[in-house]
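# Topology and contacts: notes
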Amino acid sequence: MKFIVSSTYLLKQLQILGGVINNSNTLPILDNFLFDLQKDKLTVSASDLETTMSSVITVDSDNKGTIAVPARLLLETLKTFPEQPLTFVVEDNNTVEISSNHGKYALAYADGAEFPKAVELTSPSSTTLLGDILATAINKTIFAAGNDDLRPVMSGVFFQFSPENLTFVATDAHKLVKYQRTDVRASQVAEFIMPKKPLTLLKGILAGSESDVLIEYNESNAKFSFEDTELICRLIDGKYPNYEAVIPKENPNKLTIARNQFLSSVRRVSIFSNKTTHQIRLKIAGAELNISAEDIDYSNKAEERLTCSYQGDDMQIGFNSRFLTEMLNNLSSDEVSLEMSLPNRAGILTPSDGLDEGEYVTMLVMPVMLNS
């Protein structure tokens, strides 16, 4: 088995796939990339049993064969090469020899047959959408997903497809984000919960991508295919909580303010808040928003006044500043509106501008009890 490939082209593909490989694997074979050569097409795969990703790379060869190559060793070697052709030759003594312009390097390989086979999806449903839209949907929601192992359904992003729209939801019970597209639709209704790791990988690869992504899914797995890459992952098992029930429908008090100004103010004031609760107080009256925080244990306190546009009754409400900062950071609009009903009901944060036609973002943040 022998093939010739460009060093930088191979490195670029392997670095993407390397994101799948865990630092500590239960099966030693998972520390490898699987190389499957079929003439001038080399399919490279990486897996952690839950997620398997593969890319097809064009090489110069007329051989066939499969081997498993140590991932970290190969990546570290490739990073040091300037752009040049590399020749890979599989020797009889269980090593693969790489020849560059200046030298030769031998790596021990494992039998490709030991590598776990990727799951085949039987009779899947499918939806196609633009790579950049999927990356945006992941970006806007993934930060709100939980990290609680006891509630695995909330540690992923909920995909809800229908002939009317596509909806993506993430929540950790303190904050919730719902991202919806009415300009993209699915042929039939479907719901599934995607784990964070494959979504993080997809987000990185697909940002700004103009290519279409085919999403196929059944009860237990989902497969994302685009250009020369495929990612298959196991879905999170379980029923997602009824998130619509927690979004308050009647919110008579509406505050509209410049996002950057609000974000900077919350960041500054929160430095003076209690280090365990991160509590800040919003006091709204007329066209003035007063943001304050106090850490009684250390006699630290801060207060800022901002002008805003407000319709509703005067009110005071407390929030965890970290959640508010995360949400404001994740929006890209110039102005945001915060809609509230009562100090003990969730506040709804939405961008006032900067969205595409048919794009909707709703962020919900739970209040914290204020010590009067």
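Structure's up top.
As the structure is a computational prediction, the values presented were derived from the model and not from experiment.

### Quick word on the overall build of the chain
If you tally the helices and strands in the chain, you get six helices and 27 strands. For the chain, the spread of C-alpha atoms along the three principal axes comes to 80 × 50 × 35 Å. Evaluated residue by residue, the chain yields a buried proportion of 51% over its 372 residues. In the chain, of all internal contacts separated by at least 6 residues, the share reaching a separation of at least 24 is 66%. Here the chain holds 33 positive side-chain charges and 48 negative ones, and the gap between their average locations is 4 Å.

### Digging into the pattern of salt bridges
Counted by the stated rule, this structure contains 13 salt bridges. A salt bridge links Lys178 to Glu244, with the nearest nitrogen and oxygen atoms 2.9 Å apart. Of the two residues, Lys178 sits in strand β13 (residues 175–181) while Glu244 sits in the loop between β17 (229–234) and β18 (253–258), which places them 66 residues apart along the sequence. Since its relative accessible area comes to 14%, Lys178 is described here as buried. With a shortest N-O distance of 3.8 Å, Arg181 and Asp356 are connected by a salt bridge. Of the two residues, Arg181 sits in strand β13 while Asp356 sits in the loop between β25 (347–351) and β26 (359–365), which places them 175 residues apart along the sequence. Overall, Arg181 belongs to the buried group, its relative accessible area being 4%.

### Quick word on the side chain of Thr350
Position of Thr350 relative to the elements: it lies in strand β25. With near-sequence residues (within four places) excluded, Thr350 lies in contact with Val336, Ser337, Glu339, Val361 and Thr362.

### Focus: the packing of helix α5 (residues 259–270) against helix α6 (residues 321–330)
It is the contact of α5 with α6, at a shortest axis distance of 10 Å, that shows an interaxial angle of 150 degrees. Compared by their axis directions, α5 and α6 come out roughly antiparallel. Seen along the crossing, α5 lies across α6 with a hand that is left-handed. From α5, Arg259, Phe262, Leu263, Val266, Arg267 and Ser270 reach across to α6, where they touch Ser321, Leu324, Thr325, Leu328 and Asn329. Class assignment of the residues belonging to the contact of α5 with α6 gives a composition of five nonpolar, four polar and two charged.

### As for the sheet that holds strand β9 (residues 110–111)
Strand pairing in a sheet relies on backbone hydrogen bonds, with the paired strands running either antiparallel or parallel. One open sheet accounts for nine strands, arranged β9-β5-β2-β3-β4-β17-β16-β15-β10; its pairing is antiparallel. Of all strands in the sheet, those bounded by a partner on one side alone are β9 and β10 (125–130). Of the pairings in the sheet, the one linking strand β2 (residues 32–38) to strand β5 (residues 64–70) comprises seven bridges and is antiparallel in character. Among the inter-strand pairings, Leu34 is bridged to a residue of β5, identified as Ala68. The sheet strands contacting helix α3 (residues 131–141) are β10, β15 (212–217) and β16 (221–226), and the helix crosses β10 at an angle near 95 degrees.

### A word on unusual backbone geometry
The phi dihedral of Ser123 falls on the positive side, at around 35 degrees, and the residue is not glycine. Along the polypeptide, Ser123 turns up in the loop between β9 and β10. In this structure Ser123 comes out as exposed when scored by relative accessible area, which is 71%. Of note, Ser299 is a non-glycine position whose phi angle comes to about 55 degrees, a positive value. Relative to the helices and strands, Ser299 is located in the loop between β20 (288–295) and β21 (300–307).

Basis of the calculations
Residues numbered from 1 in each chain as written. Predicted model: local features only at pLDDT ≥ 70, side-chain atom pairs only at ≥ 80, totals over all residues. Heavy atoms only, no water. Helix = DSSP H or I, 4+ residues; strand = E, 2+ residues; numbered from the N terminus. Buried < 20%, exposed > 50% of the residue type's maximum accessible area, 1.4 Å probe, protein only. Contact = heavy atoms within 4.5 Å. Lys, Arg positive; Asp, Glu negative; His and termini not counted. Charge placed at Lys NZ, Arg CZ, Asp CG, Glu CD. Salt bridge = Lys/Arg side-chain N within 4 Å of Asp/Glu carboxyl O. Axes fitted to C-alpha atoms, helices over the stretch in contact; angles between N-to-C directions. Parallel < 35°, antiparallel > 145°, perpendicular 65-115°, else oblique. Left-handed = near helix turned anticlockwise from the far one by under 90°. Nonpolar A, V, L, I, M, F, W, Y, C, P; charged D, E, K, R; others polar. Pairing = 2+ DSSP bridges.

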